[in-house]
Amino acid sequence: MTQHTPVRWAVVGSGGIARRTVGDLRLCEDAQVVAICSRSRERAEAFAQAHGLPLAFDDFARLCASDQVDALYIGTPHATHFALASQALRAGKHVLCEKPMTMTADETRELGRLARAQGVFLMEAMWMKFSPAMRRAAELVDAGAIGEPRLLQAGLGYPVPPDGPARFWDPALGGGALYDMGVYTITLAQMFLGELAEISVTGTMRPDGVDLEQAITLRYTSGALAQLATSITTLIPPRGWLGGRRGAIDFKEPLFSPAGFKLVTGQPPAPPTVEDLDFPREGAGYVPMFRAVNAAIREGATGHPLHPVEATAEVLSIMQTIQAELAAERDARAAP
Ligand SMILES: NC(=O)c1ccc[n+]([C@@H]2O[C@H](COP(=O)([O-])OP(=O)(O)OC[C@H]3O[C@@H](n4cnc5c(N)ncnc54)[C@H](OP(=O)(O)O)[C@@H]3O)[C@@H](O)[C@H]2O)c1
């Protein structure tokens with residue numbers, strides 16, 4: 001592949017996120033969406049027709065063997081990611097995998113080793129880190145605009161109906177709030193607060209292993225703290241703020257793809273200075289991530305410096321610790 005050849009993408013899974021992201025991939029000049037892969041021929045053909053894609057696969061092995069596809073965007077439920085991504089990487093395909101990349105840190109590290117050995121690209125689709133607002137916030141924090149970051153508060157929760165999407169409620173698919181929503185809040189804490197020292201959590205997990213909600217506190221070696229709340233039974237507005245010794249960044253909704261933020265600075269008793277920053281959104285918000293991934297693939301990179309595979313593995317390791325703690329206190333009364 002040269003710097004000038006468009007990356008030819010296949011989307012894996014014909015569900016909600018696949019439908020939402022195809023349009024954004026298409027907005028990237030250096031990408032072509034050429035294929036869909038579904039477990040059903042009917043759904044593959046319907047998706048291909050609806051989105052004008054030339055290729056429809058109902059056999060993942062055949063997709064991996066196709067010489068008309070360079071890269072796979074995996075948009076299937078969490079628990080299926082590892083098997084699909086490893087098969088794709090072994091076949092020499094680049095992989096951008098929906099969050100969370102896998103169910104364990106070891107699985108993600110194994111995929112990372114595989115990608116490096118094969119010389120292909122691998123990344124978790126953590127679009128939050130690529131949003132222009134988050135990039136600017138990170139630059140400001142690095143430049144000392146709020147002083148040393150000390151406290152992050154972030155929340156994200158939706159009351160998912162009991163008959164809502166199976167990926168939230170089926171333990172075999174990795175259901176629960178932590179892997180679906182906690183992945184964002186923990187990634188955010190890891191992004192800004194340095195080296196992790198301590199994890200504490202309280203929450204509710206059903207006997208079948210589906211966690212309903214959790215309040216997490218992460219303590220960092222610097223003494224910085226993150227307070228994170230996630231739920232699939234309660235509405236928690238997708239908001240967050242990062243406070244430092246000289247100011248704060250107050251993210252606008254939605255936290256996982258913020259429209260902007262308020263930069264608050266100043267020392268009491270003087271009134272604070274508030275700078276309101278807004279950033280234009282391209283498509284549904286995935287475009288900056290897709291552009292960065294296309295460029296990295298065309299440069300021959302095996303990962304992206306803004307969201308390396310090791311950062312994904314560290315978040316998964318935190319989620320595994322939290323899940324084990326919640327599992328130790330499963331609650332037979334947890335509803336629904
Ligand atoms: N970045 C974001 O903003 C965002 C938003 C939502 C979800 N996600 C992530 O995207 C992934 C998929 O979420 P979604 O909301 O798109 O889920 P979804 O609507 O249930 O779609 C998932 C699709 O995966 C395919 N699939 C393959 N194996 C499956 C299995 N064993 N069980 C069920 N479906 C299977 C199905 O397509 P076929 O039947 O055609 O094979 C299904 O339609 C999750 O990992 C989630 O965390 C990300």
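Scroll up to find the structure.
The shown structure was predicted, so the numbers you read here are calculated from the model rather than taken from an experiment. (Residues numbered from 1 in each chain as written. Predicted model: local features only at pLDDT ≥ 70, side-chain atom pairs only at ≥ 80, totals over all residues. Heavy atoms only, no water.)

Caption draft 1: Fine view of the overall build of the protein. The secondary structure content of the protein amounts to ten helices and 14 strands. The globule rule puts the C-alpha radius of gyration for 336 residues at 20 Å, and the 20 Å found for the protein is close to it. Principal axes of the C-alpha set define a box for the protein whose edges measure 65 × 50 × 35 Å. Counting the 336 residues in the protein, one finds 52% classified as buried. Across the protein, contacts joining residues at least 24 apart in sequence account for 68% of those joining residues at least 6 apart. Within the structure as shown, the protein displays about 14200 Å² of accessible surface, and the carbon and sulfur contribution to it stands at 52%. Across the protein, the centroid of the 31 positively charged side chains sits 2 Å from that of the 37 negatively charged ones. (Helix = DSSP H or I, 4+ residues; strand = E, 2+ residues; numbered from the N terminus. Rg over C-alpha atoms; globule rule 2.2 N^0.38 Å. Buried < 20%, exposed > 50% of the residue type's maximum accessible area, 1.4 Å probe, protein only. Contact = heavy atoms within 4.5 Å. Areas by Shrake-Rupley, 256 points an atom, 1.4 Å probe, with all protein chains shown as cover. Lys, Arg positive; Asp, Glu negative; His and termini not counted. Charge placed at Lys NZ, Arg CZ, Asp CG, Glu CD.)

Caption draft 2: Main features of the sheet that holds strand 9 (residues 211-220). The strand order across the open sheet built from eight strands is 8-9-10-7-11-12-13-14, with neighbouring strands paired in mixed fashion. The open sheet has two edge strands, strand 8 (196-205) and strand 14 (273-278), and neither has a second partner. Each strand axis lies, on average, 10° off the axis of its neighbour in the sheet, ignoring direction. Sheet strands in contact with helix 6 (residues 132-142) are strand 7 (149-157), strand 11 (236-244), strand 12 (247-251) and strand 13 (260-265), and its direction is about 20° off that of strand 13. In this fold helix 10 (residues 309-328) packs onto strand 8 and strand 9, with an angle of close to 45° to the strand it touches most, strand 8. (Pairing = 2+ DSSP bridges. Axes fitted to C-alpha atoms, helices over the stretch in contact; angles between N-to-C directions.)

Caption draft 3: Layout of the packing of helix 4 (residues 81-90) against helix 5 (residues 105-118). It is at 9 Å that the axes of helix 4 and helix 5 come closest, and there the two elements cross at 10°. What the angle tells us is that helix 4 and helix 5 run roughly parallel. Of the residues in helix 5, those touching helix 4 at Phe 82, Ala 85, Ser 86, Leu 89 and Arg 90 are Glu 107, Glu 110, Leu 111, Leu 114, Ala 115 and Gln 118. (Parallel < 35°, antiparallel > 145°, perpendicular 65-115°, else oblique.)

Caption draft 4: Highlighting the site of the ligand. The full set close to the ligand counts 23 residues, and Ser 14, Ser 38, Lys 99, Arg 167 and Tyr 286 are the nearest of them. His 78 has a polar side-chain atom sitting 2.9 Å from an oxygen atom of the ligand. In the model, an oxygen atom of the ligand is placed 3.3 Å from a nitrogen or oxygen of the His 81 side chain. Of all elements in the fold, only helix 1 (16-26) and helix 8 (177-193) reach the threshold of two or more residues within the shell around the ligand. Taken together, the residues of the shell around the ligand sort by class into six nonpolar, ten polar and seven charged. The two domains that each donate at least three residues to the shell around the ligand are domain 1 (7-126) and domain 2 (129-285 + 316-328). (Near = heavy atom within 4 Å. Polar contact = N/O pair within 3.5 Å; in protein donor to acceptor, adjacent residues only side chain to side chain. Nonpolar A, V, L, I, M, F, W, Y, C, P; charged D, E, K, R; others polar. Domains from an automatic or database assignment.)

Caption draft 5: Local environment of the side chain of Thr 108. Following the sequence through the fold, Thr 108 ends up in helix 5. On the basis of relative accessible area, Thr 108 is assigned to the buried category, the value being 0%. Excluding its chain neighbours within four sequence positions, the residues that come into contact with Thr 108 are Met 101, Thr 102, Val 309, Thr 312, Ala 313 and Leu 316.

Caption draft 6: Spotlight on the packing of helix 6 against helix 8. At a minimum axis separation of 11 Å, helix 6 and helix 8 run at an interaxial angle of 30°. Relative to helix 8, helix 6 is oriented roughly parallel. Contacts from Met 134, Ala 137, Ala 138 and Val 141 in helix 6 reach Leu 188, Met 191 and Phe 192 in helix 8. Each residue belonging to the contact of helix 6 with helix 8 can be placed in one class, and the counts come to seven nonpolar, no polar and no charged.

Caption draft 7: Region of the structure containing the pairing of strand 4 (residues 71-74). By the alternation rule, side chains of strand 4 split into Ala 71 and Tyr 73 and Leu 72 and Ile 74, which are all buried. In this sheet, strand 4 lies alongside strand 1 (residues 7-12) in parallel orientation, the contact comprising four bridges. Note that in strand 4 the partner of Trp 9 across the bridge is Ala 71. Relative to strand 5 (residues 94-97), strand 4 runs parallel, the two being bridged by four bridges. Paired with Ala 71 across the two strands is His 94, which belongs to strand 5. As for the winding sense of the linkage, the β-α-β connection from strand 4 through helix 4 to strand 5 is right-handed. (Right-handed = clockwise from strand over helix to strand, strands pointing away.)

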